[in-house]
Structure formats: C-alpha cells, structure tokens
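Breakdown of the fold
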Amino acid sequence: MLEYDDPRSGSFSPLKDVPEEKFVVLGLVSTKHGRLEALELLASRVAEASRFIERERLGVSPQCGFASSVIGNRILPGEQRQKLELIVKAAAALWR
C-alpha cells in the first residue's frame, strides 16, 4: 500500500524495484478532502505506474483510511462513499 494522492508522493519509478511476487495497491484517492477525483485521472495514474510494474500487479485504493476525518480532515460520510464508489468504478474499468 503506497500513498500517491499528491505531487509530494513523488514518481512511480520506485515500483520498478518491487519483487515479482508482490502486489502493489496505489493510494490514489485522497481522504484529506471531499473533492472527488476524476476517473480519467485515476486511469492516467495507473497507466503511468504500469510503465514500471505490470498492471496485473496493481490495485487502487484511498491513500489512507477515513478515520482521521473526525479531527484532522473534514470529509463528509457522503463524500467518503462517493470516493469508495469511484474506486469500484476505476477497478471495473481498468481491470476487466
């Protein structure tokens, strides 16, 4: 599980060193804010990551849990649900 939800996270180049028997979950959906990411953005980021590791060894998730939202990040339950639904849509579209 690697957080890649903002530019501070850096490039995907370290993925080239992941052992072949490992699966990588890319935390591309932010839990820091309620703005919904575009499905096209997630697809683009997965395509970029797959330059370094096979798409079959990749997954998508939130960059972190939503638990910090109570104190640290104001993200409403409905926004959280939309983000989780987006992840399901992305997985269906990218790994048919």
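Each remark here, short or long, concerns the structure printed above.
Residues numbered from 1 in each chain as written. Predicted model: local features only at pLDDT ≥ 70, side-chain atom pairs only at ≥ 80, totals over all residues. Heavy atoms only, no water.

**Some points on the sheet that holds strand β2 (residues 24–29)**
- The sheet built from 3 strands is open, its strands ordered β1-β2-β3 with parallel pairing. Edge positions in the sheet fall to β1 (2–3) and β3 (58–62), since each of these pairs with one other strand and no more.
- Note: β2 against β3, 5 bridges, orientation parallel. Pairing of Gly-27 across the sheet is with Ser-61, part of β3. (Pairing = 2+ DSSP bridges. Helix = DSSP H or I, 4+ residues; strand = E, 2+ residues; numbered from the N terminus.)

**Re the pattern of salt bridges**
- On inspection of all chains with the given rule, the structure shows 8 salt bridges.
- Asp-5 serves as the salt-bridge partner of Lys-32, at 3.3 Å between the closest nitrogen and oxygen. Here the residue Lys-32 occupies a position in the loop between β2 and α1 (39–49), and Asp-5 occupies one in the loop between β1 and β2, the gap between them amounting to 27 residues.
- Overall, the relative accessible area of 32% leaves Lys-32 in the partly exposed class.
- Of the charged contacts, one joins Asp-6 and Arg-8 as a salt bridge, the two residues approaching to 3.9 Å between their closest N and O atoms. (Salt bridge = Lys/Arg side-chain N within 4 Å of Asp/Glu carboxyl O. Buried < 20%, exposed > 50% of the residue type's maximum accessible area, 1.4 Å probe, protein only.)

**A short note on the packing of α1 against helix α2 (residues 77–94)**
- Relative orientation of the contacting elements α1 and α2 amounts to 50°, with a least axis distance of 10 Å. Here α1 lies oblique to α2, going by the angle between them. Here α1 and α2 pass one another in a crossing that is right-handed. From α1, Leu-39, Leu-42, Ala-43 and Val-46 reach across to α2, where they touch Leu-86, Lys-89, Ala-90 and Leu-94.
- Of the residues contributing to the contact of α1 with α2, the split by class is 7 nonpolar, no polar and 1 charged. (Axes fitted to C-alpha atoms, helices over the stretch in contact; angles between N-to-C directions. Parallel < 35°, antiparallel > 145°, perpendicular 65-115°, else oblique. Left-handed = near helix turned anticlockwise from the far one by under 90°. Contact = heavy atoms within 4.5 Å. Nonpolar A, V, L, I, M, F, W, Y, C, P; charged D, E, K, R; others polar.)

**A closer look at the side chain of Asp-5**
- Taking the relative accessible area as the measure of exposure, Asp-5 reaches 17% and is therefore buried.
- If we ignore the near neighbours within four places in the chain, the residues touching Asp-5 are Gly-27, Leu-28, Val-29, Ser-30, Lys-32 and Gln-63.

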